[in-house]
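Observations on chain architecture
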Amino acid sequence: MSSDPVEALKARLPAQVLERVASLRLNEARAILVLDASGLDAAARSKLEEQARAALQDTPGVTELHVAMTAERGSDAPRKPRIIAVGSGKGGVGKSTVSTNLAVALQRAGHRVGVVDADIYGPSQSRLLGTEGQRPIARDKQLIPVQSRWGVPVLSMAHLAEPGQAIAWRGPMAGNALVQMLEGDWTDVDVLIVDLPPGTGDIQLTMLQRFKPDGAVIVSTPQDLALIDATRAIGLFDKGGVPVIGLIENMAGYACPHCGEVSDPFGHGGAEATALSGDHPFLGRIPLDIVIRQESDAGTPPAAGDGPQAEAFVRIAQRVAAWLEKR
Ligand SMILES: Nc1ncnc2c1ncn2[C@@H]1O[C@H](COP(=O)(O)OP(=O)(O)OP(=O)(O)O)[C@@H](O)[C@H]1O
């Protein structure tokens, strides 16, 4: 038996309790044991506490025993999903299309995914996920996301504004709308894909300051102009300390539906070269394909199907999932 009274107390604890000891102090006859309960549910926490009490309750010289759990509050509080921001420097490069299909492909791979459409002035996620006309309800001032048919809940300005009405809001109002959507009830979601507006403006800054993403995906076409802007977007995330998960080259390679010849209207390989030169991963290439445009417009994300158009999204989602697993 150790002559150190604290060591003597520890020696009484069973292994499953001992491995969770964050601290143990003895103040005269009062023992204070703090256990690390991270990752345990309520039942497992009570069992751990019971085992600790049973082991220490009859210790000679100890008249008072306090057992506390760290991370107790954290595990009871609503979990926060991990945020992946999808950005681009330039508009119209397919950022929203990628956000939707990445979300759907991740969902099909077993992740619990939601989408926030942070493009306040040009929202498109309600169309892309086929939830047009639906309105989110609010519970205790918190927005409940709209459910899409694809198992991916979503919040977009398109669900909040009157259909067809121009959204002419000043910056702070737009920022508030973004906050409301990000603070929506995302408790059933592990990964939140945030479809950012193009550029490096107010919305991006609000995101970085208040809801710092866990990682960012950058979408670009292979075109030089888009790539210059993509580099700017990467710079913003780098500066904000947000890891860049990787770059996606969209609208790469167009297969003529008549003769099958593949041409590259926006060039080829530029995004991969940009990724490599900045030491960022390249996540993959999505072809320019009329079916992607048609299905997207119809609110049927190609990644929800099993056609060839789903493949590129599935591969990209696998790389993003691998990144998430390593975090
Ligand atoms: N790989 C693709 N093949 C065919 N059409 C595509 C592809 N990617 C996107 N599109 C189409 O290009 C248009 C622009 O795409 P999208 O809205 O996703 O771009 P964005 O970068 O989010 O635009 P914005 O800057 O307006 O937010 C849409 O009509 C979309 O269907």
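Residues numbered from 1 in each chain as written. Predicted model: local features only at pLDDT ≥ 70, side-chain atom pairs only at ≥ 80, totals over all residues.

The protein chain goes by Iron-sulfur cluster carrier protein in an unreviewed UniProt entry, where it is assigned to Novosphingobium chloroacetimidivorans. The record held by UniProt for the protein chain lists under Function (unreviewed entry) the comment "Binds and transfers iron-sulfur (Fe-S) clusters to target apoproteins. Can hydrolyze ATP." Comment text from UniProt for the protein chain, heading Sequence similarities (unreviewed entry), reads "Belongs to the Mrp/NBP35 ATP-binding proteins family." (UniProt positions renumbered as here; feature names shortened; annotations may be inferred.)

1. What about the pairing of strand β11 (residues 244-255)?
Counting buried positions along β11 gives nine out of 12 residues, so the element sits mostly inside the fold. Where β11 lies against strand β13 (residues 282-288), five bridges are found, and the strand directions are parallel. In the strand pairing of β13, I248 is matched with G284. Between the antiparallel neighbours β11 and strand β12 (residues 262-263) lie six residues, among them G260 with a positive phi of about 85 degrees. (Buried ≥ 20, exposed ≤ 12 C-beta atoms within 10 Å, placed from the backbone. Helix = DSSP H or I, 4+ residues; strand = E, 2+ residues; numbered from the N terminus. Pairing = 2+ DSSP bridges.)

2. Here's the deal with the site of the ligand
Taken together, 20 residues form the shell around the ligand, and within it G91, G94, K95, S96 and T97 come nearest. When residues of the shell around the ligand are traced back to their parent elements, those giving at least two are α5 (95-108), β11, β13 and α12 (290-297). Of the residues in the shell around the ligand, the class split is six nonpolar, 10 polar and four charged. (Near = placed C-beta within 6 Å. Nonpolar A, V, L, I, M, F, W, Y, C, P; charged D, E, K, R; others polar.)

3. A few points about the packing of α5 against helix α13 (residues 308-326)
At a closest axis distance of 9 Å, the pairing of α5 and α13 adopts a crossing angle of 70 degrees. Considered as vectors, α5 and α13 are oriented roughly perpendicular to each other. Where α5 abuts α13, its residues N101, L102, A105 and L106 lie against F313, V314, I316, A317, V320 and A321. Of the residues belonging to the contact of α5 with α13, the class tally is nine nonpolar, one polar and no charged. (Axes fitted to C-alpha atoms, helices over the stretch in contact; angles between N-to-C directions. Parallel < 35°, antiparallel > 145°, perpendicular 65-115°, else oblique. Contact = placed C-beta atoms within 7 Å.)

4. Observations concerning the UniProt feature "binding site: ATP" (unreviewed entry) in the protein chain
Per the UniProt record, the feature "binding site: ATP" (unreviewed entry) sits at G89, K90, G91, G92, V93, G94, K95 and S96. Relative to the helices and strands, G91 resides in the loop between β4 (82-87) and α5.

5. Topic: the confidence of the model for the protein chain
Scored by pLDDT, the protein chain comes out at a mean of 88, with 94% of its residues at no less than 70. For this predicted complex, the interface confidence reaches an ipTM of 0.98, while the overall pTM sits at 0.77. (pLDDT = per-residue confidence, 0-100.)

6. What about the sheet that holds strand β1 (residues 21-27)?
The strand order across the open sheet built from three strands is β1-β2-β3, with neighbouring strands paired in mixed fashion. Single-partner strands in this sheet number two, and they are β1 and β3 (64-70). On average, each strand axis in the sheet is tilted by 10 degrees relative to the strand beside it, whichever way the strands run. Direction of pairing for strand β2 (residues 30-36) relative to β3: parallel, over a ladder of seven bridges. Across the sheet, I32 pairs through a bridge with H66, a residue of β3. In the packing of helix α1 (residues 5-12) onto the sheet, contacts are made with β1 and β2, and the angle to β1 comes to roughly 130 degrees. Against the sheet, helix α3 (residues 42-56) touches β2 and β3, its axis set at about 155 degrees to β3.

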